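Residue strings, one per chain:
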Amino acid sequence: MENYREKIGKYLELEKKILDSLSVEDINQVMNVLEQARLSGKRIFTCGNGGSASTASHMGSDFNKGISYGQDVKYDMECLSDNIPMMMAVANDFSYDDIFVVPLKNKMKRGDVLIGISGSGNSENVIRAFAYANEIGAKTIAFTGYSGGRLKEMAKYNIHVPVDNMQITEDIHLVLNHMMMFILANS
């Protein structure tokens, strides 16, 4: 039997250290943008790749059901990563880099919100979606890790997880979703 105790302890210590380094002000700003969107009837779109797509989808479920269930004014959140047929059609006919921007061109309006989740901050399909959202006057929120990449620079709002570790970055992005959902559902 292997002894993983030391490695487990190091992972957990790093996770705690990074959680403690997060900007409460940045999180507060994002929560206010999301609540303002809900209360003014704006749509919120989420997207990401791989584990970030999973978090983007999870966020839609938590906000549309978890927060909205007892509310008179509900969240209208859609995860672009959930529409696999649309993504595959765009990837096949145009480019994988366009899988998020094409549906946004059909649906997004000025004042809507786009949340892009990217550990590296350099996912080209999320970058293109942000460029379009910024161009039409939508609000852009990035959840990033590592250096934050290009997405951190493009986003109007950003929650940056300052660590060069994809697993911890993705862990914390999901923690942020759950934390926001818990606070907003119980406010």
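Residues numbered from 1 in each chain as written. Predicted model: local features only at pLDDT ≥ 70, side-chain atom pairs only at ≥ 80, totals over all residues. Heavy atoms only, no water.

Trainee: So what exactly am I meant to see when it comes to the packing of helix α2 (residues 24–39) against helix α8 (residues 166–185) here?
Mentor: A pair of packed helices is characterised by two quantities: the angle between their axes and the separation of those axes. Relative orientation of the contacting elements α2 and α8 amounts to 60°, with a least axis distance of 11 Å. In terms of orientation, α2 and α8 fall into the oblique class. Between α2 and α8 the crossing geometry is right-handed. Between α2 and α8, the contacting residues are I27, V30, M31, L34 and E35 on the first element and L176, M179, M180, I183 and L184 on the second. Class assignment for the residues of the contact of α2 with α8 results in nine nonpolar, no polar and one charged. (Axes fitted to C-alpha atoms, helices over the stretch in contact; angles between N-to-C directions. Helix = DSSP H or I, 4+ residues; strand = E, 2+ residues; numbered from the N terminus. Parallel < 35°, antiparallel > 145°, perpendicular 65-115°, else oblique. Left-handed = near helix turned anticlockwise from the far one by under 90°. Contact = heavy atoms within 4.5 Å. Nonpolar A, V, L, I, M, F, W, Y, C, P; charged D, E, K, R; others polar.)

Trainee: Help me out: how do you make sense of the state of the cysteines in this one?
Mentor: The final tally for this structure, using the stated rule, is zero disulfides. Cysteine C47 remains unbridged, with the sulfur of C79 as its closest cysteine sulfur at 7.7 Å. Classification of C79 as buried rests on a relative accessible area of 8%. (Disulfide = S-S within 2.5 Å. Buried < 20%, exposed > 50% of the residue type's maximum accessible area, 1.4 Å probe, protein only.)

Trainee: Would you take a moment to explain the side chain of D98 for this structure?
Mentor: Tracing the chain through its elements places D98 in the loop between α4 (84–93) and α5 (101–107). A relative accessible area of 16% means that D98 is categorised as buried. In this structure, D98 is in contact with V90, P103 and R128, ignoring residues within four places of it in sequence.

Trainee: Help me understand the packing of aromatic side chains, please; the structure alone is not making it clear to me.
Mentor: The description of an aromatic ring pair rests on the distance of the ring centres and on the angle between the ring planes. This structure, assessed with the given rule, holds one aromatic pair. Above the ring of Y69, the side-chain terminus of K65 is found at 5.9 Å from the ring centroid. (Phe/Tyr/Trp six-rings, centres within 6.5 Å; stacked < 30°, edge-to-face > 60°. Lys NZ or Arg CZ within 6 Å of the ring centre and 35° of its normal.)

Trainee: Before we go on, may I ask you to explain the pairing of strand β1 (residues 44–48) in this structure?
Mentor: Consecutive side chains of a regular strand alternate in pointing toward one face of the sheet and then the other. The element β1 is largely enclosed, with a buried count of five among its five residues. On β1, burial covers both faces: I44, T46 and G48 on one face and F45 and C47 on the other are all buried. Where β1 lies against strand β2 (residues 77–79), three bridges are found, and the strand directions are parallel. Within the sheet, the bridge partner assigned to F45 lies in β2 and is E78. Each parallel crossover has a hand, and the one from β1 via helix α3 (residues 51–67) to β2 is right-handed. (Pairing = 2+ DSSP bridges. Right-handed = clockwise from strand over helix to strand, strands pointing away.)

Trainee: I would appreciate a short explanation of unusual backbone geometry in the present structure.
Mentor: Most peptide bonds adopt trans geometry, and most residues besides glycine take a negative phi value. Of note in the backbone geometry, Y146 takes a positive phi value of approximately 45° without being a glycine. Structurally, Y146 is set in the loop between β4 (139–144) and α7 (149–154).

Trainee: Explain the sheet that holds strand β3 (residues 113–118) to me, please; I cannot follow it from the model alone.
Mentor: Two strands in a sheet stick together by hydrogen bonds in their backbones, pointing the same way (parallel) or opposite ways (antiparallel). With parallel pairing, five strands are arranged side by side in an open sheet as β2-β1-β3-β4-β5. Of all the strands in the sheet, just β2 and β5 (157–160) have a single pairing partner and so form its edges. The mean inter-strand angle of the sheet, taken between neighbouring strand axes irrespective of direction, is 15°. Each of β1, β2, β3 and β4 is contacted by α3, which is oriented at about 155° to β2, the strand it contacts most. Across the face of the sheet, α8 comes into contact with β3, β4 and β5 while running at roughly 130° to β4.

Trainee: I would appreciate a short explanation of the side chain of S118 in the present structure.
Mentor: Inspection of the secondary structure puts S118 in strand β3. On the accessibility criterion, S118 (2% relative accessible area) is buried. Looking at S118, its side chain comes within polar contact range of the side chain of S123, at 3.2 Å. (Polar contact = N/O pair within 3.5 Å; in protein donor to acceptor, adjacent residues only side chain to side chain.)

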